[in-house]
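So you can see what is in the structure, the chains are spelled out below.
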Amino acid sequence: MTIKDSLFLISGLQTLVISLILFFYKSKKIKVNRYLSLFFATVFFEIAIYFLTKYIDHPAVYYLPFRFDFLTLTLLLFYAYKTTGISVKSKFVYLIPALIEFVVLFIISIIILVTSETPDFLIKNNFDSIHRILSSVYIVSLSILIIRVSIKHNKLLRFHFSSTRFKSLIWLIVFCISCIILNIFRHLYYSFEIRSNLVSNLYSAIGLLCLYYITISSLVQININNVIPTKREITDGKEELEEIIKMIENHINENKSYLNPDINLKSFSKDIRLQERIISRAINRIEHKNFNGYINTYRINECKKLLLSEKFERYSISAIADEVGFSSRASFYKNFKEIAGVSPSEYVKSVND
């Protein structure tokens, strides 16, 4: 067995294991993870066919209907849609190209098994080249779509989670860019009839590195809640969330919680005796902010009052920022400008004028 075959064997076993883990691992996002599980399962079948074509000398093996060129990225797109909170009305439409591919390859493989020869019409009509070009175009198109969805997800994160650490889909963007580059390279490789073991091995090595990268990234996010709620989910239970917001507002106003520079969602949750996810959901869906942004709004409003108070006339703006709970001057100025629309000095000047 060559080094290339050994690497493919390791990758095949790796994809099988990660597919089973993602499918059966009980997490809060098990339904989302199963799209990734099926994605890795299709990759496993493709690697398995690589070995079958290498060690079984029969033309029917090459046309087995388990190549999934039109399915693998579709499953990754479903994962991106579900994570971003985008509802897909008819998933079947997305699966039509994969279904056509499966039926065509199935018929061809049956014909070859019966006749023991590759049909002449496949050779005359360059079936392999057409299939390769169509699959490359499809993969590149879906990769671009996944990138767009992932970018949207990354923009929405800060509105739905107080902390976005490890929650973004940057890894999915990197993987899809790699898919685009590899498919363009594959098309050029066959178009110019390049015959080089070095180039072939380099192509395979980069592909395996990309597979290893998405495997690690999938495991990192297996239990991290980064799913954006759909519009329907946001609408459901709005009255209950408004009641929770009232509770939060009353607690903050009575205790002036925002003056604590060390306040965070976890500590606030203990003070008010509500679950973190409930607090976060209410603030996200009713106020359209994350927890930190919500608290900073209270701080800036308090700061406006202090800037115009006689008691604090001799205080510097930085000192007032400390009084209202900001731990850094940069954070204070940034938030003041975002929330008030002007800088602190401009605000004081506009009021005095």
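Residues numbered from 1 in each chain as written. Predicted model: local features only at pLDDT ≥ 70, side-chain atom pairs only at ≥ 80, totals over all residues. Heavy atoms only, no water.

1. Thoughts on the packing of helix H11 (residues 238-255) against helix H13 (residues 276-287)
Following both chains from N to C, one finds H11 and H13 inclined at 105 degrees, their axes separated by 9 Å at the closest point. Put simply, H11 runs roughly perpendicular to H13. On H13, the residues touching Lys 238, Leu 241, Glu 242, Ile 244, Ile 245, Ile 248 and Glu 249 of H11 are Ile 278, Ile 279, Arg 281, Ala 282, Ile 283, Arg 285, Ile 286 and Glu 287. Of the residues contributing to the contact of H11 with H13, the split by class is nine nonpolar, no polar and six charged. (Axes fitted to C-alpha atoms, helices over the stretch in contact; angles between N-to-C directions. Helix = DSSP H or I, 4+ residues; strand = E, 2+ residues; numbered from the N terminus. Parallel < 35°, antiparallel > 145°, perpendicular 65-115°, else oblique. Contact = heavy atoms within 4.5 Å. Nonpolar A, V, L, I, M, F, W, Y, C, P; charged D, E, K, R; others polar.)

2. Considering the packing of helix H2 (residues 30-55) against helix H9 (residues 197-220)
Two measures define how a pair of helices packs: the angle their axes make with one another and the distance between the axes. Following both chains from N to C, one finds H2 and H9 inclined at 155 degrees, their axes separated by 12 Å at the closest point. Here H2 is positioned roughly antiparallel relative to H9, judged by the angle of their axes. Once H2 is placed against H9, the crossing between them reads as left-handed. Contacts between H2 and H9 pair Leu 36, Phe 39, Phe 40, Val 43 and Ile 47 from the former with Leu 211, Ile 214, Thr 215 and Ser 218 from the latter. Considered class by class, the residues forming the contact of H2 with H9 number seven nonpolar, two polar and no charged. (Left-handed = near helix turned anticlockwise from the far one by under 90°.)

3. Notes on unusual backbone geometry
Look at Phe 68: it is not a glycine, yet its phi comes out positive at around 55 degrees. Of note, Phe 68 is situated in the loop between helix H3 (59-62) and helix H4 (72-84).

4. Some remarks on the side chain of Arg 67
Secondary-structure assignment places Arg 67 in the loop between H3 and H4. This buried residue, Arg 67, is left without a salt bridge; Asp 69 holds the nearest opposite charge, at 4.3 Å. For Arg 67, the contacting residues outside a window of four places in its chain are Glu 46, Ile 49, Tyr 62, Glu 101, Leu 105 and His 131. (Buried < 20%, exposed > 50% of the residue type's maximum accessible area, 1.4 Å probe, protein only. Lys, Arg positive; Asp, Glu negative; His and termini not counted. Salt bridge = Lys/Arg side-chain N within 4 Å of Asp/Glu carboxyl O.)

5. Thoughts on helix H8 (residues 170-191)
Across its 22 residues, H8 extends 32 Å between first and last C-alpha, which sits within 8% of the 32 Å expected from 1.5 Å per residue. Regarding H8, the residues found buried are Trp 171, Leu 172, Ile 173, Phe 175, Cys 176, Ser 178, Cys 179, Ile 180, Leu 182, Asn 183, Arg 186 and Tyr 189. Buried residues belonging to H8 abut H2, H4, helix H7 (127-160) and H9. Backbone geometry just after H8 places Glu 193 at a positive phi near 50 degrees. (Expected span 1.5 Å × (residues − 1).)

6. So, the environment of Ala 98
Looking at the secondary structure, you find Ala 98 in helix H5 (residues 91-115). The exposure class of Ala 98 is buried, given its relative accessible area of 11%. Here the alpha-carbon distance between Ala 98 and Arg 67, two residues 31 residues apart in the chain, equals 9.6 Å. Residue contacts for Ala 98: discarding those within four places in its chain leaves Phe 70 and Leu 71.

7. Points about H4
If you check H4, its first and last C-alpha atoms are 19 Å apart, about what 13 residues at 1.5 Å a residue would give, namely 18 Å. Across the 13 residues of H4, twelve count as buried, placing the element largely inside the fold. All buried positions along H4 are accounted for by Thr 72, Leu 73, Thr 74, Leu 75, Leu 76, Leu 77, Phe 78, Tyr 79, Ala 80, Tyr 81, Thr 83 and Thr 84. Buried residues in H4 make contact with H2, H5, H7, H8 and H9. Positive phi appears at Gly 85, one or two residues downstream of H4, with a value of about 80 degrees.

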